[in-house]
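Now for the letters of each chain:
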Amino acid sequence: MTDTALPPRRFRLPAALRHWSIATGAVILAVVVLAAILAPWVAPYDPFRMGSGPRLSPPGAAHWFGTDELGRDLFSRVLLGARASLGIGLAAVVAGLGLGVSFGLVIAFCPARLKGLLLRIVDVVYSFPDTLLALALVAFLGPGAENATLAIAISLIPFYARVTYGLAAVERAKPYVEAAQIAGTAPTRIMRVQVLPNILQSLIVIGSIGFSSAILSAAGLSFLGLGVQPPSPEWGSILASGRNYIARAPWILIFPGLAICLTVLSFNLIGDGIRDLTDPKGRRRRG
Amino acid sequence: MADATPPIVDIRGLTKTFRAAGRQIRALDGVDLTLAPVETLGIVGESGSGKSTIGRILAGLETATGGEIRLAGQDLRGARGAAAKVQMIFQDPYASLNPRMPIGLQIHETLRGSGHRDRVANLARAAELLARVGLPPDALQRYAHEFSGGQRQRIAIARAMSTDPAVIVADEPVSALDVSIRGQILDLMRQMKGHTACLFISHDMAAVASLCDRILVLNRGRVVETGPTAQIISNPRDPYTRALLEAIPRIGRRRTGTGSTPMETLA
């Protein structure tokens, strides 16, 4: 076994972009991100102005995605809505990942009894569906974009903590971590300097999976009127405003729905692709 | 060994019980052991005899169920600071190095654990140690996967030596290595003798005989026999020790008589 041990599998961006699902996901995501950034400049109409066109007019040359019940240009609103959806998703994932990873690492280094207790608590919270948990938290915190972000972040913590714990527990049992323990390195430093770099790659994958769940939760909360408040556009809230016109003007639901769908899909594709590439059991070449 | 110097390690009545699937498994059952400064003690026994557990308890990776351990006169229990005086060399040289940290930094981290915070000084010390175990100067910036198994074990030895430990626990340090490399690592460990005391844990009687001053034979968590290497090898009193010795493969010596193998003895 002396010379055959594999080098740690590294994640390289150029190679990753040749993987079909990462490439597809990245292209879709790039479009959505560009839309979010450039929305104010590329939107053909003011997304807030009522009567940009006739009310509930179907998609056409003047209004690519049609107009909503107040005559606002739907294309412009979906573009600007990308900002809210991605922004909430990003903020929630960053906060949730940070806290979840910290919890997971701490649990992995707890003495056996405390570890058991903490894991059961995480399991109980984890058994609630993300969106339901976020919903309950918003009900407690009050509606609004910031509270929705906070609630989604918290709802992601159990998932991230559980996965991090699993990864860290494997590393913790390895002799290199034991060597650090013997050397007298403080547990917090072992977590940060020894364990974290070795599980980071997997955490990136897990992060991207949480992203799609966060965007779904954000849309769900806004749809229920608990997230982004009208008249600010967000995909979920556009869906909500259009639901009364589903028979007469289905495009109000189709386009934001499609946007949510594609964004979630892009994150799932990227996540799957990274997992494929970093799978230590050999790379499955597809496409 | 009747000299006046007090032992660096003094273990009395050490017991360790593991709980597995509701059953209690007694890994160590009243082990007494002393280790003089700069002495190398071989602990031999079959898998499951509890030999690794002694080393892991001494290194602070496990806690004893009962008994007393004194390290340089201090009670080990509760004294976390004392543990820095013990370093360990592991069986699997690859898993004992962090795959994503350059070798130099790993030695720096080890030194940092015992209060040496100056990174530049630590890296200089790391370079000196790596040279001493026969590695090229650029080893400092390289990663574990760039080295062979034997080289990795040299790095592990350099890391263990870095803090000037009073005791090194070497847990099967050569059993994962190619036979051709084994001799080199044993030579290196022989050079360490005189700098530090060593607990050399192995099931390889030949390696133990070539390296250790004294041997302690362990069977099912109990000390079966202990004494100077020459005495144990040439005149084993316990049948279990004889069985372990019989198991050493030898070239040009036909095994005669009914000499029992360890398997038969245990059956």
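Residues numbered from 1 in each chain as written. Chains lettered and ligands numbered in written order. Predicted model: local features only at pLDDT ≥ 70, side-chain atom pairs only at ≥ 80, totals over all residues. Heavy atoms only, no water.

A.B. asks: Go over the pattern of salt bridges with me, naming the residues and quoting the values.
C.D. replies: Residue and element names in this part refer to chain B. The tally for this structure, following the rule as stated, stands at 24 salt bridges over all chains. A salt bridge links Arg214 to Glu39; the shortest N-O distance between them is 2.5 Å. Of this pair, Arg214 sits in strand S9 (residues 214–219) while Glu39 sits in the loop between strand S2 (23–35) and strand S3 (40–44); the two residues are 175 residues apart in sequence, bridging distant segments of the chain. For the pair Arg214 and Glu39, one class covers both residues: buried. (Salt bridge = Lys/Arg side-chain N within 4 Å of Asp/Glu carboxyl O. Helix = DSSP H or I, 4+ residues; strand = E, 2+ residues; numbered from the N terminus. Buried < 20%, exposed > 50% of the residue type's maximum accessible area, 1.4 Å probe, protein only.)

A.B. asks: So what about the sheet that holds strand S5 (residues 74–75) of chain B? Which residues, and what values?
C.D. replies: In spatial order, the strands read S2-S1-S4-S5 (chain B); together these four strands make up an open sheet with antiparallel pairing. For this open sheet the edge positions go to S2 and S5 of chain B, each flanked by a neighbour on one side alone. (Pairing = 2+ DSSP bridges.)

A.B. asks: Give a description of the sheet that holds S9 of chain B that names residues and reports values.
C.D. replies: All names here are of chain B. On the basis of which strands lie adjacent, the open sheet formed by six strands has the order S6-S7-S8-S3-S9-S10 and mixed pairing. The open sheet terminates on both sides in strands that have one partner only, identified here as strand S6 (86–89) and strand S10 (222–228). Sheet twist, expressed as the mean angle between neighbouring strand axes with direction ignored, is 20°. Here strand S7 (residues 167–171) pairs with strand S8 (residues 197–202) via five bridges, running parallel. Bridge assignment links Ala170 to a residue of S8, and that residue is Phe200. Its contacts with the sheet place helix H4 (residues 149–161) against S6 and S7, and it is angled at close to 180° to S6. Relative to S9, helix H8 (residues 239–246) is tilted by about 105°, and along the sheet it contacts S3, S9 and S10. (Axes fitted to C-alpha atoms, helices over the stretch in contact; angles between N-to-C directions. Contact = heavy atoms within 4.5 Å.)

A.B. asks: Give a detailed account of unusual backbone geometry, specifying residues and quantitative values.
C.D. replies: Look at the link from Pro230 of chain A to Pro231 of chain A: it is a cis peptide, with omega at 10°. Mapping Pro231 of chain A onto the fold places it in the loop between helix H8 (187–223) and helix H9 (235–242). Of note in the backbone geometry, Val38 of chain B takes a positive phi value of approximately 55° without being a glycine. Looking at where Val38 of chain B falls in the secondary structure, it is placed in the loop between S2 and S3. Its identity as a non-glycine residue notwithstanding, Asp164 of chain B has a phi of 50°, on the positive side. With respect to the helices and strands, the residue Asp164 of chain B is situated in the loop between H4 and S7. A residue is classified by how much of its surface remains accessible, and Asp164 of chain B, at 62% relative accessible area, is exposed.

A.B. asks: Explain the nonpolar core to me, using residue names and the numbers behind them.
C.D. replies: In summary, soluble globular proteins display a tendency toward joint burial of nonpolar side chains. If you look at the biggest cluster of nonpolar residues, it comprises 57 residues, and the most contacted ones within it are Leu74, Val78, Ile152, Trp235 and Ile252 of chain A. For this core, the secondary-structure elements that each account for two or more residues are helix H2 (20–42), helix H3 (74–108), helix H5 (130–141), helix H6 (145–172), H8, H9 and helix H10 (251–278) of chain A. Excluding residues that lie within four positions of it along the chain, Ile152 of chain A makes contacts with Ile88, Ala92, Ala134, Ala214, Ser217, Ala218 and Leu221 of chain A. Counting 45 residues, the second largest nonpolar core, distinct from the first, contains Val44, Leu97, Leu111 and Leu135 of chain B. (Core = buried A, V, L, I, M, F, W, Y, C linked by side-chain atoms within 4.5 Å.)

A.B. asks: Give me the packing of H6 of chain A against H8 of chain A: which residues, what numbers.
C.D. replies: Residues and elements named next belong to chain A. For the pair H6 and H8, the least separation of the axes is 9 Å and the interaxial angle reads 155°. As summarised for this structure, H6 and H8 are arranged roughly antiparallel, according to the angle between their axes. Crossing angle aside, the handedness with which H6 passes H8 is right-handed. Across the contact of H6 with H8, the residue classes tally to 17 nonpolar, seven polar and one charged. (Parallel < 35°, antiparallel > 145°, perpendicular 65-115°, else oblique. Left-handed = near helix turned anticlockwise from the far one by under 90°. Nonpolar A, V, L, I, M, F, W, Y, C, P; charged D, E, K, R; others polar.)

A.B. asks: Can you break down helix H3 (residues 119–132) of chain B residue by residue, with the values?
C.D. replies: Residues and elements named next belong to chain B. Across its 14 residues, H3 extends 20 Å between first and last C-alpha, which sits within 8% of the 20 Å expected from 1.5 Å per residue. Buried within H3 we find Asn122, Ala126, Leu129 and Leu130. Around the axis of H3, the buried residues are gathered within 95° of arc, so they sit on the same side. In H3, the exposed residues that point more than 90 degrees away from the buried face are Val120 and Ala131. The inward-facing, buried residues of H3 abut helix H2 (103–113) and H4. Its side-chain oxygen placed 3.1 Å from the backbone nitrogen of Val120, Asp118 serves as the N-cap of H3. Just beyond H3, the residue with positive phi is Gly134, at close to 85°. (Expected span 1.5 Å × (residues − 1). Arc of directions from axis to C-beta. Polar contact = N/O pair within 3.5 Å; in protein donor to acceptor, adjacent residues only side chain to side chain.)

A.B. asks: So what's going on with empty space enclosed by the protein? Which residues, and what values?
C.D. replies: Tallying each qualifying case throughout the model produces two cavities of 30 Å³ or more. Here the largest cavity defines a volume of roughly 70 Å³. Together, Tyr176, Ala179, Ala180, Ala183, Thr185 and Gln194 of chain A together with Gln106, Glu109, Thr110 and Arg159 of chain B line the largest cavity. Contributions of two or more residues to the lining of the largest cavity are made by helix H7 (175–182) of chain A together with H2 of chain B. Residue composition of the lining of the largest cavity, by class: four nonpolar, four polar and two charged. Empty space within the second largest cavity amounts to approximately 40 Å³. (1 Å grid on protein atoms, 1.4 Å probe; cavity = no way out; pocket = protein on both sides within 12 Å on 5 of 7 lines; lining within 4 Å. Points joined across faces, edges and corners; volume = space filled by probe spheres on them.)

A.B. asks: Break down a nonpolar patch on the surface for me, citing the residues and quoting the values.
C.D. replies: All names here are of chain A. Judged by side-chain polarity, Val33, Leu34, Ile37, Leu38, Trp41 and Val42 come together as a nonpolar surface patch covering roughly 580 Å² of accessible area. Relative to the elements of secondary structure, Trp41 occurs in helix H2. Owing to a relative accessible area of 66%, Trp41 belongs among the exposed residues under this scheme. (Patch = residues over 30% accessible without salt bridge, like charges linked within 9 Å, V, L, I, M, F, W, Y side chains within 5 Å. Areas by Shrake-Rupley, 256 points an atom, 1.4 Å probe, with all protein chains shown as cover.)

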